[in-house]
Amino acid sequence: MLNPVFFGFIFMAVAIGASFWAARVQQARERQRQESWAAMAEPLGLTYEDGALAGEVEGVPVRLYVERNNIMGQSQHRIVLYVMQAEVPGQLPSGFVAAPRKWTSWSDRVTAPNVFKTGEPAVDEAYIFQSYQTELGPKLLQDAEVLRALADLILPEASGFVQNNRVGLAYKTAPLTEDTDKVRHNVKLLVRAAQALAEAQARHRLAA
């Protein structure tokens, strides 16, 4: 009779081998990502340091970095995102957020306070908007340039967002951030959105 303990050892050996191979593939993929980003630094006019790209485009601070979040505090289960972001000049209304709708749950959308819509179907389909300042937040999104800029960030390969006074695009896979021309194009979209938000906010403050 075949010994079940023997098969148990075989299963463990296969599992360990598969885990080791997956780790090697991930390490190789990460090296490729770092090399690609380092090579993009000069053409994009940015600086590569500590695994991230950073600098200014049209006077707006921009950054391309990797964000790793553990799921429920478990280090072995991580969500890895490749994030491009541009800082909004000036200060947006307190708590102003445009969250990717596809990354929010139904319960979050129903129970979150101070949620509002723009009235633009494509934009409202892509984002959940929230602001602690319930008058200023919606007013900001009445601006045509802001709506156009946010609509331009609705991409099939990434999720656009506004949070912590920054406009960003989050990607789930690194190769989508390794094409210099595409990165340059998308960084310009982010800078345009950051500038549109800042200019709209300034106009509303002057009118107040």
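Residues numbered from 1 in each chain as written. Predicted model: local features only at pLDDT ≥ 70, side-chain atom pairs only at ≥ 80, totals over all residues. Heavy atoms only, no water.

## Examining the pattern of salt bridges
This structure, assessed with the given rule, holds five salt bridges. With a closest N to O distance of 2.4 Å, D143 and R203 form a salt bridge. Taken together, the residues D143 in the loop between α4 (136–140) and α5 (144–152) and R203 in helix α6 (residues 180–207) connect sequence positions 60 residues apart. (Salt bridge = Lys/Arg side-chain N within 4 Å of Asp/Glu carboxyl O. Helix = DSSP H or I, 4+ residues; strand = E, 2+ residues; numbered from the N terminus.)

## Examining the environment of P89
Relative to the helices and strands, P89 is located in the loop between β4 (74–87) and β5 (97–100). Residues P89 and V191, 102 residues apart in the sequence, show an inter-C-alpha distance of 9.9 Å. Excluding residues within four positions of it along the chain, P89 makes contact with V60, A194 and A198. (Contact = heavy atoms within 4.5 Å.)

## Observations concerning the packing of aromatic side chains
The final tally for this structure, using the stated rule, is two aromatic pairs. A centroid spacing of 6.0 Å and a plane angle of 25° characterise the contact between F116 and F129, whose relative ring orientation is stacked. With F116 in strand β6 (residues 115–116) and F129 in strand β7 (residues 127–130), the pair connects residues that are 13 residues apart, well separated along the chain. Looking at F129, the relative accessible area reads 0%, which means it is buried. Measuring from ring centre to ring centre gives 5.6 Å for Y127 and F129, while their planes differ by 40°; the resulting arrangement is tilted. (Phe/Tyr/Trp six-rings, centres within 6.5 Å; stacked < 30°, edge-to-face > 60°. Buried < 20%, exposed > 50% of the residue type's maximum accessible area, 1.4 Å probe, protein only.)

## Here's the deal with the nonpolar core
Grouped together as the largest cluster of nonpolar side chains are 47 residues, with contacts concentrated most on L53, F96, F129, L153, V162, V167 and L197. Among the elements of the structure, α1 (4–44), β2 (52–57), β3 (60–71), β4, β7, α5, β9 (166–171) and α6 are those that each provide at least two residues to this core. For this core, the element with the most residues is α6, which contributes 11 residues. (Core = buried A, V, L, I, M, F, W, Y, C linked by side-chain atoms within 4.5 Å.)

## Overview of the layout of surface pockets
Space inside the largest pocket adds up to approximately 290 Å³. Around the largest pocket sit 13 residues that line it, and A99, P100, W103, F161 and Q163 are the ones nearest its centre. Looking at the lining of the largest pocket, the elements that each hand over two or more residues are β5 and β8 (159–163). For the lining of the largest pocket, the element with the highest residue contribution is β5, accounting for four residues. (1 Å grid on protein atoms, 1.4 Å probe; cavity = no way out; pocket = protein on both sides within 12 Å on 5 of 7 lines; lining within 4 Å. Points joined across faces, edges and corners; volume = space filled by probe spheres on them.)

## Digging into empty space enclosed by the protein
Overall, the coordinates contain one cavity of 30 Å³ or more when judged by the stated rule. L44, L46, V62, R63, L64, M84, Q85, A86, V183, V187 and L190 together form the lining of the largest cavity. Mapped onto the lining of the largest cavity, the elements with two or more residues apiece are β3, β4 and α6. By residue class, the composition of the lining of the largest cavity is nine nonpolar, one polar and one charged. (Nonpolar A, V, L, I, M, F, W, Y, C, P; charged D, E, K, R; others polar.)

## Quick notes on the confidence of the model for the protein
Looking at the protein as a whole, the pLDDT averages 83, with 78% of positions reaching at least 70. Within the model, the stretch residues 5–11 combines pLDDT values under 50 with one contact to residues more than four positions away or in other chains. Contacts from residues 71–76, a stretch scored under 50 in pLDDT, to residues over four places away or in other chains number three contacts. (pLDDT = per-residue confidence, 0-100.)

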